[in-house]
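Here is what each chain is made of, one letter per residue.
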Amino acid sequence: MKKKLLLLTLLLLAIPASGFAQLKPEQTLNRRTISEPRFSPDGNRVAFTLTEPPRGATRSRHLWLLDTRTREVRQFTNSAKSELAARWSPDGRRLAFLSDRDEATQIYLLPLDGGEAIRLTEGKLAVRAFEWSPDGKQIAFVAPEAKTEAEEKKDKDKDDARVIDRDDKRARLWIIDVETRKLRQLTSGSWQVQEAKWTPRGDRLIVAATDRPELDLETNRIFSLALADGKLKELSAPRGPFGQLSVAPDGASVAYLAAREDGPSPHDLYLQPLAGGPARNLSGASIDRSLAGFVWRPDGTILALAANGFQTRFYSLTPAGKAATLTEFKVNPSAFDATAQAIVFTGETMVDAPELWLASQPGAAENVTHFNESWKQLALVKPEFLRYQSFDGLEIEGALLKPAGYVNGTKLPLIVLIHGGPTGRWADSFQSWGQLLAARGYAVFYPNVRGSTGYGYQFLQANRADWGGGDFKDVMAGVDFLIARGVADPDRLGIAGWSYGGYMASWAITQTTRFKAALSGAGLSDLASEFGTEDGSSYDEWFFGTPYDKPQGFVNSSPITFIKNARTPTLILQGEDDVVDPIGQSQQLYRGLKRYGVETEFVVYPREGHGFREEKHQLDVLNRLLDWFQRHLQK
C-alpha cells in the first residue's frame, strides 16, 4: 500500500497544476535567442542577431532591425547560410556583418535601404572580428593567415602532417579599404592578435596581442599600433586573462575587463591611460561583482552589467570609479547596448524566454519583440531562491524547483545540478534539465557553491587549490538543508552536471554513497592528464599550479584517485571532439567504474565539442538524462 501511495503522489506531481501538457524535451529546444544588439549612430534603429532553434546539425542566424520610434521589427538578412556581428557604418547608412555564405567567414556590406549584400573580404581568410574606422573608409579585422597553395595541395593529397605551434596559423591584424578593397596586413611573424579597437582620431589601433602564444600562459598584452609605421608600443601587461577592449570617447584611455590579480577569469573593469602609466581598477571596490560587459556613453560614463547572485544588474560608473546602481528590471539583462537616452538589452528569466527590451527611462523597460511568444504556453516552474549556511558558516545561495502543485511536507527525489566553470554560476535563466525533471516529479536544486561568479572576488577565489573540498561540502550542506526542510527524500538523491559540473558529479560518487544515481557530462576525472591534454591549461594552472611542480594537489582533487570508493550508478556523456575537457577524462572514469563493478553507461557523440550543436544529439542527452534518473530514483 505504501508503494502504491508513493507512486500515486509522483504521478500527481508530474501533472502540471496549470493544466498545460507535460514539458517535452523537443519543446525545450524550440526557442530563439537574441544577441549583439547595436544602436545605429542616431539611435533610431537597433540591429541584432536572431538565432533559430537547432535544425539538424546547425542553427541559422540572421540579422534583424528594430525601429526604436515605431517599434517595427523586420528581418534584414535572409541567406541560406547565417549572418551575425552587425556593425553600423559611422554614417549609419550601411551595415557590415560576418557571414559563412562562402567557404570561409567573410565581411559583407549591405545598405540600410536593402539590395544585395556585397562581399568585402575575399579568399580563405576566416574573419573572427572586425571594426569600422571612425571615418568609415576602412575596416580593421582579425583573421588567421590563409593556407598557401602548397599547403592546400598537401591537404588534398592527404600529406597533411603538421608541427604543433610552428605550423599553426596565427590570428593577424588586417586593414581593408572599403572602396578599393586594398588589403594591408599589420602583424606577422610570431604575433597573434586577440582583438583590436580604433582610437577616435583613426590614426591608431589599440590591440590585445602576444608574441608568445605557444607558452600556454596568459601572455597577451595591450599595445598601441600606429598605422603610419605599423609599430607596436606596449601600454600594459595584465597578469591574468582580459578582454573586451573599448576606447573612451575622448580617446584618452582604453577600458577592459580583467582579473583582479592574476586570475582565474576577468572580473573587474580597468581603465588604462593611452599616454602611459598604470591601469586603474574602476569596479573592484565600488561593485565587487563579476562584470559581463560594458559600454561607454557619450558623456564619458560607463554602463556596466554585473552578475549579482542569480540576477544581473546594471551599474553606471564614472572614470573616477564612482558607481551607481540602476533600477532593476523584471527580467535579467544579458547582451546590451546604450545611447545617452536609452538602453536596449536581451532579457529573460527561468520561465520567461529571451526577448529584446528597450528602456528609455530609469526603471521602465518595454518588451519590443515577441519571437518566443509560444513559450508562454509551456508548463515551466518558477524557482525559489534560498540561502543556507555551509560547513564553515559561509552563506551559499541556491535555487530550488519543485513540481507544479507540490504539497508542503511531501518528500521528493532530489537532483542536484552543478554548474560549469568552476568560474561560472547558475542564473535566473532557462535551464532545460531542471525544468524537465521538475515536470516529472523531482525537486531540482541549483547551488552556487564557492568559486561561483556573482558574489564578489573573495567568494570567487575561495576554491583555489581546493576542488572537491569546500565546494563539495557546500553541495552536501545544501542537500542536508533540503532534507531538513522536508523537501528531499534522503534515500533518493541524484547529482548531475556538465564540465566542472561533471567533475563534481564524478567527485561526489567517490566521496559518498548517498547519491543513488549520477550523470557526468564532459567531466574531469584526472586533473593532471586534463592539464596535459586540454586547450587553455593556464586556467587550471591558476588553481593548482602545474602537475610537474605540484603534483599532489592534482592527485588529491582527482576523482580517479578515489575511484575504488564508487558505488553509484553513473551515466557518462561526452563529445568526441571536445578539446576543453577531452574524451580521455570520461574514458578514464568509465574504465575505473567498470573495473570495480559499478553500473555505468558511456555515451560518445561524434562531431561534438564541449557544447553540443546537433539537434538529435541534444535531444538524446535530454532523453537519457530523464531515463537514467527514472530508472534509479523513481522506484
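Just so you know, the residues in each chain are numbered from 1, in the order the chain's sequence is written. Selection of residues for local features in this predicted model requires a pLDDT of at least 70, selection of side-chain atom pairs for listing and counting requires 80 or more, and totals for whole chains, interfaces and linings are taken over all residues. Heavy atoms from the whole structure form the basis of all side-chain values; hydrogens and water molecules are not counted.

*Asks:* So what about the overall build of the chain? Which residues, and what values?
*Replies:* Each helix is a run of H or I in the DSSP string that is no shorter than four residues. Each strand is a run of E no shorter than two, and both are numbered from the N terminus. For the chain, the helix and strand inventory stands at twelve helices and 36 strands. Projecting the C-alpha coordinates of the chain onto the three principal axes gives extents of approximately 85 × 60 × 50 Å. Contacts: residue pairs with any heavy atoms within 4.5 Å of one another. For the chain, long-range pairs separated by at least 24 residues make up 54% of all intrachain contacts whose partners lie at least 6 apart in sequence. Only the protein chains shown count as covering a residue, and every accessible area follows the Shrake-Rupley method with a 1.4 Å probe. Per element, the accessible surface of the chain, about 27,600 Å² overall, is 49% carbon and sulfur. Taken together, the 77 basic and 79 acidic charged side chains of the chain have centroids lying 3 Å from each other. Charge assignment in this entry is limited to Lys and Arg as positive and Asp and Glu as negative, and neither His nor the chain termini are counted. Note on charges: their place is set at NZ of Lys, CZ of Arg, CG of Asp or CD of Glu.

*Asks:* Explain the nonpolar core to me, using residue names and the numbers behind them.
*Replies:* Joining through side-chain atoms within 4.5 Å is the link that ties buried Ala, Val, Leu, Ile, Met, Phe, Trp, Tyr and Cys residues into a set, and such a set is a nonpolar core. Relative accessibility thresholds used throughout: buried, under 20% of the residue-type maximum; exposed, over 50%; partly exposed, between the two (1.4 Å probe, protein chains only). Counting 91 residues, the largest nonpolar core has L414, V416, W433, Y446, I495 and F629 as the members making the most contacts within it. A total of eight residues in this core trace back to one element, the largest contributor, which is helix α12 (residues 615-633). Filtering out sequence-adjacent residues up to four positions away, V416 remains in contact with F445, P447, V475, V479, G494, I495, A496 and F515.

*Asks:* Which residues make up the packing of aromatic side chains, and what values do they have?
*Replies:* Think of a pair of aromatic rings as described by two things: how far the centres are apart, and how the planes are tilted against each other in angle. Aromatic pairs are defined between Phe, Tyr and Trp rings, using the six-membered ring for Trp, whenever the two ring centres lie within 6.5 Å; interplanar angles under 30 degrees are classed as stacked, those over 60 as edge-to-face, and all others as tilted. A full pass over the atoms with the stated rule returns 33 aromatic pairs. Both rings, one in W191 and one in F223, keep their centres 5.2 Å apart while their planes meet at 90°; by these two values the pair is edge-to-face. Linking W191 in the loop between β12 (183-185) and β13 (192-198) with F223 in strand β15 (residues 221-226), this pair joins segments that are 32 residues apart in sequence. Between the aromatic rings of W467 and F544, the centroid separation amounts to 5.5 Å while the plane-to-plane angle is 75°, which identifies the pairing as edge-to-face. Of the two residues, W467 sits in the loop between α5 (457-460) and α6 (470-484) while F544 sits in helix α9 (residues 537-544), which places them 77 residues apart along the sequence. By relative accessible area, W467 is classed as buried at 4%. Through a chain of ring-to-ring contacts, three or more aromatic side chains come together here, namely W467, Y500, Y503, W507, F531, Y539, W542, F543, F544, Y548, F554 and F562. Note on criteria: charge over ring means Lys NZ or Arg CZ within 6 Å of the ring centre, with the direction from the centre no more than 35 degrees off the ring normal. Just above the ring of F130 sits the side chain of R87; from NZ or CZ to the centre is 6.0 Å.

*Asks:* Please provide a residue-by-residue account of the side chain of S265, values included.
*Replies:* The residue S265 is located in the loop between β18 (253-258) and β19 (268-273) in this model. Given the relative accessible area of 16%, S265 is considered buried. Excluding residues within four positions of it along the chain, S265 makes contact with P241, A259 and T423.

*Asks:* Give me the lowdown on the pattern of salt bridges, citing residues and values where you can.
*Replies:* Any Lys or Arg side-chain nitrogen found within 4 Å of a carboxyl oxygen on Asp or Glu counts as a salt bridge. One pass over the structure, following the stated rule, counts 42 salt bridges. Notably, a salt bridge pairs E601 with R631, separated by 3.3 Å at the nearest N-O pair. With E601 in strand β36 (residues 600-605) and R631 in helix α12, the pair connects residues that are 30 residues apart, well separated along the chain. Given a relative accessible area of 30%, E601 falls into the partly exposed group. You can call R631 partly exposed: its relative accessible area is 32%. Here R607 and E614 are joined by a salt bridge, their closest N and O atoms 2.7 Å apart. Here E614 falls in the buried class, since its relative accessible area comes to 14%.

*Asks:* Now, about the side chain of S538: what can you tell me, with residues and values included?
*Replies:* Assignment of secondary structure puts S538 in helix α9. Dropping the residues within four chain positions of it, S538 is found in contact with D216, L217 and E218.

*Asks:* Go over the sheet that holds strand β2 (residues 45-51) with me, naming the residues and quoting the values.
*Replies:* Within the open sheet, the four strands sit side by side as β1-β2-β3-β4. Their pairing is antiparallel. If you trace the sheet from one side to the other, it starts and ends with β1 (33-39) and β4 (73-75), each paired once. Taken pair by pair, the neighbouring strands of this sheet meet at an average axis angle of 25°, ignoring direction. What makes two strands pair is DSSP finding at least two bridges between them. Sheet topology note: the β1/β2 ladder contains five bridges and is antiparallel. Opposite R38, over in β2, you have A47 as the bridge partner. For every element, the axis is a line fit to its C-alpha atoms; helices are fit only across the contacting stretch, and the angle between N-to-C directions ranges from 0 to 180 degrees.

*Asks:* Pulling in residues and values, what's your account of unusual backbone geometry?
*Replies:* The linkage connecting G263 with the following residue, P264, adopts the cis geometry, with an omega of 5°. Inspection of the secondary structure puts P264 in the loop between β18 and β19. Each neighbour pair has its own omega, and for G421 with P422 the value is 10°, a cis peptide bond. With a phi angle near 70°, R71 is a residue other than glycine that sits in the positive phi range. Examined against the element boundaries, R71 turns out to sit in the loop between β3 (61-67) and β4. Even without being glycine, D288 reaches a positive phi, approximately 50°. Accessibility expressed as a relative area gives 24% for D288, which makes it partly exposed.

*Asks:* Mind laying out the sheet that holds strand β21 (residues 291-296), listing which residues take part and the relevant values?
*Replies:* Overall, antiparallel pairing links the four strands, which are arranged β21-β22-β23-β24 in an open sheet. Two strands lie at the open edges of the sheet, namely β21 and β24 (323-325), each paired on one side alone. Shown here is a sheet whose adjacent strand axes are inclined to one another by a mean of 25°, direction ignored. Relative to strand β22 (residues 302-308), β21 runs antiparallel, the two being bridged by five bridges. Within the sheet, the bridge partner assigned to V295 lies in β22 and is L303.

*Asks:* Outline the packing of α6 against helix α7 (residues 500-511), supporting the account with residue identities and numerical values.
*Replies:* Relative to each other, α6 and α7 sit at 75°, their axes nearing to 11 Å. Considering the angle they form, α6 stands roughly perpendicular to α7. Contacts from D471, F472 and V475 in α6 reach Y500, M504, W507, A508 and Q511 in α7. Classes in brief: Ala, Val, Leu, Ile, Met, Phe, Trp, Tyr, Cys and Pro nonpolar; Asp, Glu, Lys and Arg charged; the others, Gly included, polar. Grouping the amino acids of the contact of α6 with α7 by side-chain chemistry returns six nonpolar, one polar and one charged. Each angle is binned into one of four classes, with values under 35 degrees roughly parallel, values over 145 roughly antiparallel, values of 65 to 115 roughly perpendicular, and all other values oblique.

*Asks:* Describe helix α11 (residues 583-595), with residues and values.
*Replies:* Helix span is expected to be 1.5 Å times the residue number reduced by one. Given a rise of 1.5 Å per residue, 13 residues ought to cover 18 Å, and the 18 Å separating the end C-alpha atoms of α11 matches this to within 8%. Taken residue by residue, α11 has I583, Q585, S586, L589, G592 and L593 as its buried positions. Next to the buried residues of α11 lie α7, β34 (515-521), α8 (527-533), β35 (570-575) and β36. G597 sits one or two residues past α11 and shows a positive phi near 70°.

*Asks:* Tell me about the pairing of β3, residues and numbers included.
*Replies:* For β3, a buried count of six out of seven residues is recorded, marking the element as mostly surrounded by other parts of the structure. When β2 meets β3, the two strands line up antiparallel, connected through seven bridges. Residue pairing across strands places T49 opposite L63, the latter belonging to β3. Strand direction decides the pairing type here: β3 and β4, joined by three bridges, are antiparallel. Note that in β4 the partner of L65 across the bridge is R74.

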